[in-house]
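Fold and geometry: a report
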Amino acid sequence: MLRYIGWRLAQISVTFFLFLTVVFLLFQAMPGDYTKQFIMNPRIPPEARRALQERLGLTGSVWDQYLHYVRNVFTGNLGISFQYYPREVWDVIKERLPRTAVLFLVADLLAFGVGYPLGKYIAWKRGKLSDYAVTVTGVLFYTIFTPLLALILLFVFSNVLGWFRSGGFLTPSVWLRPPVDPQVVFLLLAATIGGILALGGGIFFLTKRIGHPRPRNWARRSLILLLLACAALGWYRSGIGTYAWDIVWHMFLPVLAVTLISFGGTMLLMRDSMLEVIREDYITTAKAKGLPDKVVRDKHAARTALLPTITNFTIGLGFIVSGGIVTETMFSWKGMGLTYLEAVLQQDFPLAMGCLIFTGILVLLLHLVVDVLYAFLDPRISY
Amino acid sequence: MIPRRNVGIEPLWKIRARLWARSLRKNWGLFWESRIGPLGLAIILFFVLLMVAHPILMATVWDPRVYDPVVGFDRAMVGRHPAPPSWAHPLGTDPIGRDILSQLMWSTRSEFALGVTSALITVVIGTFIGAVCAYFGGVVDTFFMRLADLVMLFPFIALLMVLRSIVTLDLWRLALVMGVLSGFGGITIILKAQALTVKVKPYIEAAKVAGGSAFHIIRRHIVPNIMPLSFLYMMFNVTGAVFTEAVLSYFGLLDIRMSWGIMIHTAESAGYLGAFGQYWWLWAPPGAAITLLCFAFYLVGRGLDTVVNPRLRKR
Amino acid sequence: MPLLDVRNLTMHYVTKMGDVHAVDDVSFMIEAGEAIGLVGESGCGKTSIALTLLRLLPDNARFLGGQVLFEGKDLTHIPEEEMRKIRWRGISMIFQAAMNSLNPVYRVGDQIIEAIQNHLPISYREAKRRVSELFELVGLPPEVIDRYPHEYSGGMKQRAVIAMALACDPKLVIADEPTTALDVIVQDHILRRIDEVRKKLNMAMMYISHDIAVIAEVSQRLGVMYAGCLVEFGDTVTIFKRPAHPYTVALMSAFPSIKGEKRKLQGLPGEPPDLLQPPLGCRFHPRCAYATAICAQRAPRYEEIEPGHLVACWNPRSGRA
Ligand SMILES: Nc1ncnc2c1ncn2[C@@H]1O[C@H](COP(=O)(O)OP(=O)(O)OP(=O)(O)O)[C@@H](O)[C@H]1O
Ligand code: SF4
Ligand SMILES: [Mg+2]
């Protein structure tokens, strides 16, 4: 298993280098170097441009520039954003990256939570009306024009239901005299989510040793409930709960949108992969053992069908990221997507480049996570 | 001398045509049974109808000065634009007084042109590379597979956003760029896998022994066998291309005069999206059109999937 | 009362080209603790019969009639929930595709334990002990219990599947080509092992094979199938000595007394019939050397020609062919 993960890590590193190179070439291909915006901006003195050029190594040959660039990427030295002058690009990204990461993490987990059971359900009911209805709905959400979806959600939730008044990251009136920085609250939130996931995974693997399924499931369920209760109580007692809640509130619509556009993909993958697994002989054997229909479906068919679903999931990642850019824009959720779009429109190329690189890193990390997960779930990978 | 003739033997092309017709009928049956495929096809036909109807309407009942999708303007309603749907303008007018229905119908043509061109390029490239990778393996294979990984890594829309700072993207350039880029993407992996299953068939070996060149074998034996799958992925690629164009147009990043995405962009930049419930005809028709067309091609793709992939069939 | 009494079983598969007449009016009995064999060429409907008994047919199968009386209860009409209890506890099966009968993502031992715990109220630990006993019985080392299927060799999988079929002390085990994937020596060994176990545990057994020589030794009675029909049924010894149906006769001449020396079915012109359009009358008549006019018109009745020896033929042979 470790060897498998190591091998994938090596492959992913190669891909990352290629990616860096392509990004570099892309920005090289632009007319002039990407500090040219500094001339036009009256707020920035000309010496600053020269200094930045020096710092980013934009004066030497292309090859020198490339080496410089790679070194800069690894030291987080990405230059200065011209929109947010004189903030460092890394500083802006540091603020925005967690927002996107959390948005995607939560939405993807939800999308999986919806898509996986639905896919397995409709595959089991193949050819029935519910199969067609759910498939068509799934395809509809998968192919819906994202801005349209956002508009509809805004219309329903703000105009009709009146739950949300504005997009954005927080409600300014709530944060008039905040005891803590919103970013800190957000990072704490992110840490909570990460912690719950990590501990949840830990619980899952520790209880794997309990041989008998009944006490095992019982232990799992109660431990996870305990974990969630602890987290909720912690936030309630912390004194900054209202602030956290405001942020969570603002996350609701973007998370819903990303969930809706991405659950269809998982669901359809799951359905197709289930349909293939159902034909396997071990499914007939499982039925012959007299196992209840649900056990055959969930334990035997779905568990095995999950594997190809996970592998194929990464193929759709680029699509989800694209959807994320649109979603963030529509709901003014200041994550990497919105930042990137603004940077491109304002020709703030150092920031755009930084965003692109870190989006790439995020996607690659996700690939790696998926690979590790796969290695855990498929006993045939033992290397 | 008696002329030599194959009396009673059908010419080869006739036999071929008959076989072809038979397999077409069978495949059409399977496609029909998928139920979602025909639904998609019906929607596509509806859009084709819209596309065909536009020039006819322009030539007969619609006055070009009023109904031209780009430069038209209804003087009779000055000051009331954007006007809600009425008999004269079934879907209303946009902020600068142009007829929405006319824009919608007119844009259908460019959406089809873009989608089909881009998907065609993708599929031609993908099929060729897939076949070559499967046939030769080794370095060629590794190279293209890593390249595909890389292309899949790039969020398309993000890439095109930068690219647009380098070259102006009009409809054809966009189609070309998207087509080429996705041609090197995930599709090569899928088609290569399919080509590998063909490569081990005995007739490939036979063709090799018979002295067929690599190019000949790829062209005559491998490519025809992965064509059905390519055709299927073409449908998915049309969806992708139409979607991407719409998003980029919506952000105002393309050099296109009129498209569904631009229609929403126009509404947004004139500030009419904020109160969207009020001016729904500005965004709902083009938004629905984009969604429906993407949806339709995707459904057709899935319908074809049940034809190509027997394991997905009901029995 | 026999353990299993199958009466007039008829089942078709519905396909695009038409109905596949896979099982047509098949009747036979199995007594408790007895081993019978079902023989017939590939595609004649042996597996289909087994799947009909267990009600595990694919979606496109249509059960058209007949009774399956297991301990007096008609399995074709009981509710699914009750049927579930009979599967594996009453009737278990060693599937033809033993290699693929194990789910690749679960440990082999757990898959057997799952079956045991599904039917018997015993603890995981006890179930596991039972699995190691079963493993010993079929000749597998106990330390492979916790391995995954991909870590097993083909022969080990086959043994594991056999162990799994025996796990709940079923009254009847259907063994569908239990040894085809193995080489001849191992084949023989495993069959004998199964037979020993069967005698020890006093189970009934239904062997299915296309190779009469393989199962004749271990079955007390034999059924011969042709094109969806059971054409002859009787004592193994009787059938070997006095095969009555012309098809059985042809089978016998293909497998003379010396085992392993197989020849092609001799004296059988033509192809096995297309089950989409089986021949009218006796399904064997286009290939039968003894066919008479009536054979092409009416299907022969399945009748006893001597006590315990049933044949479906208008002109049954007698004596050695
Ligand atoms: N799901 C199905 N749909 C349609 N026809 C089927 C199906 N399953 C089996 N058949 C057909 O039914 C007939 C009997 O099949 P069955 O599997 O019972 O044969 P068998 O005697 O077990 O053969 P073998 O020795 O090869 O296993 C065959 O002609 C087969 O083609
Ligand atoms: S019934 Fe007639 S055709 Fe059929 S086996 Fe007997 S003799 Fe041959
Ligand atoms: Mg069989």
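This text follows the structure it describes.
This section reports on the structure supplied with the text. As the structure is a prediction and not an experimental result, all values here were calculated from the model.

**Let's talk about the overall build of chain A**
When its secondary structure is counted, chain A shows 15 helices and zero strands. Taken over the C-alpha atoms alone, chain A extends approximately 80 × 50 × 40 Å along its principal axes. Residue burial in chain A is summarised as follows: out of 383 residues, 53% are buried. Taking all contacts inside chain A whose residues are at least 6 apart in sequence as the whole, residues at least 24 apart take part in 76%.

**A closer look at the site of ligand 2**
Residues and elements named next belong to chain C. Near ligand 2 there are 13 residues, and of these Cys282, Cys288, Cys295, Cys313 and Trp314 occur at the shortest range. With respect to the pocket detection grid, ligand 2 is positioned in the second largest cavity. Across the shell around ligand 2, the residue classes break down as 10 nonpolar, three polar and no charged.

**As for the site of ligand 1**
All names here are of chain C. Taken together, 16 residues lie near ligand 1, and Ser42, Gly43, Thr47, Ser48 and Gln96 sit nearest. Backbone polar atom of Gly43 to an oxygen atom of ligand 1: 2.8 Å apart, as the coordinates give it. Here an oxygen atom of ligand 1 sits 2.8 Å away from a polar atom, N or O, in the side chain of Lys46. Taking 630 Å² as the accessible area of ligand 1 by itself, protein coverage stands at 70%. Of all the elements in the fold, those that place two or more residues in the shell around ligand 1 are strand S1 (4-15), strand S2 (18-30) and helix H1 (46-54). Looking at the shell around ligand 1, the element that brings in the most residues is H1, giving three residues. Looking at the shell around ligand 1 residue by residue, the classes come out as six nonpolar, eight polar and two charged.

**Notes on the environment of Phe112 of chain B**
For Phe112 of chain B, the location among the structural elements is in helix H4 (residues 100-136). In this view, Phe112 of chain B contacts Ile44, Phe47, Val48, Met51, Thr117, Leu293 and Phe297 of chain B; residues no more than four positions away in its chain are not counted.

**Observations regarding the side chain of His250 of chain A**
Within the secondary structure, His250 of chain A sits in helix H10 (residues 241-278). At 2.9 Å, the side chain of His250 of chain A and the backbone oxygen of Asp246 of chain A are in polar contact.

**What about the packing of helix H10 (residues 214-250) of chain B against helix H11 (residues 260-269) of chain B?**
Residue and element names in this part refer to chain B. Close contact between H10 and H11 brings their axes to 7 Å; oriented N to C, the two are set at 20°. On the basis of the axis angle, H10 is roughly parallel to H11. Helix-helix and strand crossings are classified by hand; for H10 and H11 the assignment is right-handed. Contact residues: H10 offers Ala246, Ser249 and Tyr250, while H11 offers Gly261, Ile262, Ile264, His265 and Glu268. Classifying every residue of the contact of H10 with H11 by side-chain character gives four nonpolar, three polar and one charged.

**As for unusual backbone geometry**
Residue and element names in this part refer to chain A. The phi angle at Ser332 is positive, at roughly 45°, despite the residue not being glycine. According to the relative accessible area criterion, Ser332 is partly exposed, its value standing at 36%. Its identity as a non-glycine residue notwithstanding, Gln347 has a phi of 55°, on the positive side. Inspection of the secondary structure puts Gln347 in the loop between helix H14 (336-345) and helix H15 (349-377).

**Quick look at the coordination of the magnesium ion (ligand 3)**
All names here are of chain C. Protein-derived coordination of the magnesium ion (ligand 3) comes from Thr47 (OG1) and Gln96 (OE1), at a distance range of 1.8 to 2.3 Å. Here Gln96 lies in the loop between strand S6 (91-94) and helix H3 (108-119) and Thr47 lies in helix H1, a separation of 49 residues in the sequence. Since its relative accessible area comes to 25%, Thr47 is described here as partly exposed. You can call Gln96 partly exposed: its relative accessible area is 41%.

**A closer look at the environment of Val344 of chain A**
Mapped onto the secondary structure, Val344 of chain A falls in helix H14. Sequence separation of Val344 of chain A and Val92 of chain A is 252 residues, and the distance between their C-alpha atoms is 15 Å.

What counts and what doesn't
- Residues numbered from 1 in each chain as written.
- Chains lettered and ligands numbered in written order.
- Predicted model: local features only at pLDDT ≥ 70, side-chain atom pairs only at ≥ 80, totals over all residues.
- Heavy atoms only, no water.
- Helix = DSSP H or I, 4+ residues; strand = E, 2+ residues; numbered from the N terminus.
- Buried < 20%, exposed > 50% of the residue type's maximum accessible area, 1.4 Å probe, protein only.
- Contact = heavy atoms within 4.5 Å.
- Near = heavy atom within 4 Å.
- 1 Å grid on protein atoms, 1.4 Å probe; cavity = no way out; pocket = protein on both sides within 12 Å on 5 of 7 lines; lining within 4 Å.
- Sits in = over half its atoms within 2 Å of the grid points.
- Nonpolar A, V, L, I, M, F, W, Y, C, P; charged D, E, K, R; others polar.
- Polar contact = N/O pair within 3.5 Å; in protein donor to acceptor, adjacent residues only side chain to side chain.
- Areas by Shrake-Rupley, 256 points an atom, 1.4 Å probe, with all protein chains shown as cover.
- Axes fitted to C-alpha atoms, helices over the stretch in contact; angles between N-to-C directions.
- Parallel < 35°, antiparallel > 145°, perpendicular 65-115°, else oblique.
- Left-handed = near helix turned anticlockwise from the far one by under 90°.
- Donors = N, O, S within 2.8 Å, 3.2 Å for Na, K, Ca; no water.

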